[in-house]
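Structural overview
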Amino acid sequence: GLVLSGFVISLVFGPIAARLRLKLGQRMGLIFGILLMTGSLINVLESAFFTTLGPAVLTSGAVSAIVSYVVLAYFLAKLFPPPSEDVELSEAISRLANRRSGLFWRISLAGMLFFPIFALFGSMVYPVLRPFYENPALGIGVTQPSANVAMSLELARGLLFVLTLLPLVALLPGPRPALGLRLGLVLAVMVAVAPMLQTHWFPPTLRWLHGLEIVGDSLAHGLVIAWLLGSPRGYLSSDEAEATGKKAHRPRRGRRR
């Protein structure tokens, strides 16, 4: 499961790493932060309410993930270099804020919309998965919190997902559908595919249906984030922005008769 997880994560993050025109240290740090948040810390937050795992188990899992993700981020940053390293992360985020008016409410809305997306996809599979959550005798360690707790938890997770992926929104060029697909794949592989490959003690029905559910809401949430926050122009370096501005304001010559 761990080997397959690393392979699938690399398939998704490799092409993304090659588009991050950051210096090696920044590129590695950004990849590590996204891996750790989406693949461990946000999952730990959910596991604290949706599983019977104790704090010691959750903490040890998060610590071991740090070591694994440091190594993985290093190799992704080294093996998938961008064509240039002419971008500063802080400058890219600042330009995103300037391009997208009302960035605060856009981030908030993108985070809040995760809950209805989560509820929609969850309602499709929960009738089948309900016995696994309501029968502790099965011994698989899953439980169902109250509706209010679940709503508060998913609202918090949605906002954390948006904040974690915000640097990718600022750095990745291309149209919104392509950006949304990349963001959705990041969430899908880290929140659904990799965990389901590793939870070998789950029954196959739970692994497949729960995995498909999370892949669906991850792709949908990625498209929502791109629609609300993305820009078709993507990131432009200082020189590119200056050249584009000059081209846009260049006076047109009249036709000769």
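Note that this is a predicted model, so its numbers are computed, not measured.

About the cut-offs
- Residues numbered from 1 in each chain as written.
- Predicted model: local features only at pLDDT ≥ 70, side-chain atom pairs only at ≥ 80, totals over all residues.
- Heavy atoms only, no water.
- Phe/Tyr/Trp six-rings, centres within 6.5 Å; stacked < 30°, edge-to-face > 60°.
- Helix = DSSP H or I, 4+ residues; strand = E, 2+ residues; numbered from the N terminus.
- Buried < 20%, exposed > 50% of the residue type's maximum accessible area, 1.4 Å probe, protein only.
- Contact = heavy atoms within 4.5 Å.
- Polar contact = N/O pair within 3.5 Å; in protein donor to acceptor, adjacent residues only side chain to side chain.

1. Notes on the packing of aromatic side chains
Tallied over the full model, the rule gives 3 aromatic pairs. Seen in terms of ring centroids, F114 and F118 are 6.0 Å apart; in terms of plane orientation they differ by 40°. Their pairing is tilted. In this pair, F114 and F118 are both assigned in helix α6 (residues 114-134), 4 residues apart and thus about one turn of the helix distant. A single burial state applies to F114 and to F118, both of which are buried. Pairwise contacts between aromatic rings join F114, F118 and F161 into one cluster.

2. So, the environment of E46
Assignment of secondary structure puts E46 in helix α2 (residues 24-50). Taking relative accessible area as the criterion, E46 reaches 17% and is therefore assigned buried. The spatial distance from the C-alpha of E46 to the C-alpha of R157 is 8.0 Å, given a sequence separation of 111 residues. Once residues lying within four places of it in the same chain are set aside, the contact partners of E46 are F118, L153, E154 and R157. Among the polar contacts listed, one links the side chain of E46 to the side chain of R157, at a separation of 3.3 Å.

Function cannot be inferred from these measures alone, as they are strictly geometric.
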